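# Chains, contacts and geometry: an overview
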Amino acid sequence: MKTLISMMWVCLLAATVSAQTVVNVIDNGIRYCESTLPYDGGILIANFGTEELNPLNTEGKGYIVLHKDGKNEVLIPADGHLSAPKGMLARDGRLYVCDVNKVMSYHLADKGSEPLTIALPEGHLFANDLVADGRYLYISVTNTGTIFRVDISNPSRPSTPEEWLKVAGPNGLLLHDGALYVASYPADGNTTDAHVVYRVANLEKPVAEKWMDVPGQYDGLALSSDGKALYVTNWTPAGVSRIDLATRALTPLGIDLPQALVGPADISVKDGCIYIPDLPNSRVVVVKE
């Protein structure tokens, strides 16, 4: 299997597009950043804030920065509620943040108020990403292969999470044209042919179908500005690829950096640029599409 995967990546790398232009590297005030999110004309960056990289820590040092107009401002300080903040979603005046075995919900108009906690059942320790459609919030949990659903029609009183769908190592989530795309990451580090990108065509009758079949350790998903492709991050080999929505062809992007990407995580696209959090390197690399 390892030999086959290596051969496939050799073929893919031969088709790598020319190097993307790096326009910025955001590292000031950044400490183990896992995710990004366009917000209020800038980009939110979620940070662990710990001395050592541990995605399951419970130290309460997590914080969220707003990068805007070339400056960083702390939007959510290290208030003890966040330890390893990952995927984020802004909706109906609230910021939802995945964090280990829960989702925190912050009131954006009153950030000093006590945030709400949406607790996941015991053992679901790797809450990773979230999207919303209609009245439901969908939450991926990588270590148990579960996507949960929460009714947030009343944001101040979300429902108890219910198991919605089982998928191998669900990590990054993306909604596009009514379908849910799921990036699969092996929680134990052992990549198999189950770790690909899945598509759920009908949210009312969810079935996860393999949408592309190149195995990897996939993390973040984002839609290209032209709406013709998805970007996906991969930890092995570390990088970002473009998947054509029409043909499903996967093409690794060439990104020329003095220090190569090590752990590209939950990416975002804004104003023709891809924002790539490089988690172990405590930086966000910004490249043109």
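First things first, this report covers the structure right here in the doc. (Residues numbered from 1 in each chain as written. Predicted model: local features only at pLDDT ≥ 70, side-chain atom pairs only at ≥ 80, totals over all residues. Heavy atoms only, no water.)

### Describing the overall build of the protein chain
Scanning the protein chain for helices and strands turns up 1 helix and 26 strands. For 289 residues, the compact-globule estimate of 2.2 N^0.38 gives 19 Å, and the protein chain sits close to it at 18 Å. Overall size of the protein chain, expressed as C-alpha extent along the three principal axes, is 50 × 45 × 35 Å. The buried share of the protein chain, reckoned over its 289 residues, is 53%. (Helix = DSSP H or I, 4+ residues; strand = E, 2+ residues; numbered from the N terminus. Rg over C-alpha atoms; globule rule 2.2 N^0.38 Å. Buried < 20%, exposed > 50% of the residue type's maximum accessible area, 1.4 Å probe, protein only.)

### Concerning the nonpolar core
In this structure, Ile147, Trp164, Leu180, Tyr181, Trp211, Met212 and Tyr218 are the most contacted members of the largest nonpolar core, which totals 29 residues. Looking at this core, the elements that each hand over two or more residues are strand S12 (136–141), strand S14 (162–166), strand S15 (170–176), strand S16 (179–184), strand S17 (197–200), strand S18 (208–212), strand S19 (218–223) and strand S20 (229–235). Sorting elements by how many residues they give to this core places S16 first, with 5 residues. Among residues more than four places away in sequence, those in contact with Ile147 are Tyr138, Ile139, Ser140, Glu162, Glu163, Trp164, Leu165, Val167, Pro170, Leu173, Leu180 and Val182. One finds Ile118, Leu120, Leu130 and Val150 within the second-largest nonpolar core, a separate group that totals 15 residues. (Core = buried A, V, L, I, M, F, W, Y, C linked by side-chain atoms within 4.5 Å. Contact = heavy atoms within 4.5 Å.)

### A few points about the pairing of S20
For S20, a buried count of 6 out of 7 residues is recorded, marking the element as mostly surrounded by other parts of the structure. Summarising the sheet, S19 and S20 pair through 4 bridges and their orientation is antiparallel. When the bridges of S20 are listed, Tyr218 appears paired with Asn234. Between S19 and S20, which pair antiparallel and follow one another directly, the connecting turn spans 5 residues, one of which, Gly227, has a positive phi of 70°. The pairing of S20 with strand S21 (residues 238–244) spans 7 bridges and is antiparallel. (Pairing = 2+ DSSP bridges.)

### Section: the environment of Tyr63
One can find Tyr63 in strand S5 (residues 63–68). Filtering out sequence-adjacent residues up to four positions away, Tyr63 remains in contact with Gly29, Ile30, Arg31, Ile45, Ala46, Asn47, Gly49, Ile76, Pro77, Ala78 and Pro85. A polar contact of 3.3 Å, which involves the side chain of Tyr63, links it to the backbone nitrogen of Arg31. (Polar contact = N/O pair within 3.5 Å; in protein donor to acceptor, adjacent residues only side chain to side chain.)

### Structural notes on the packing of aromatic side chains
Summed over the entire model, instances satisfying the criterion amount to 4 aromatic pairs. Three or more aromatic residues link up through ring pairs in this structure, and these residues are Tyr136, Tyr138 and Trp164. Between Lys86 and the ring centre of Phe126, over which it is positioned, the NZ or CZ distance is 5.1 Å. (Phe/Tyr/Trp six-rings, centres within 6.5 Å; stacked < 30°, edge-to-face > 60°. Lys NZ or Arg CZ within 6 Å of the ring centre and 35° of its normal.)

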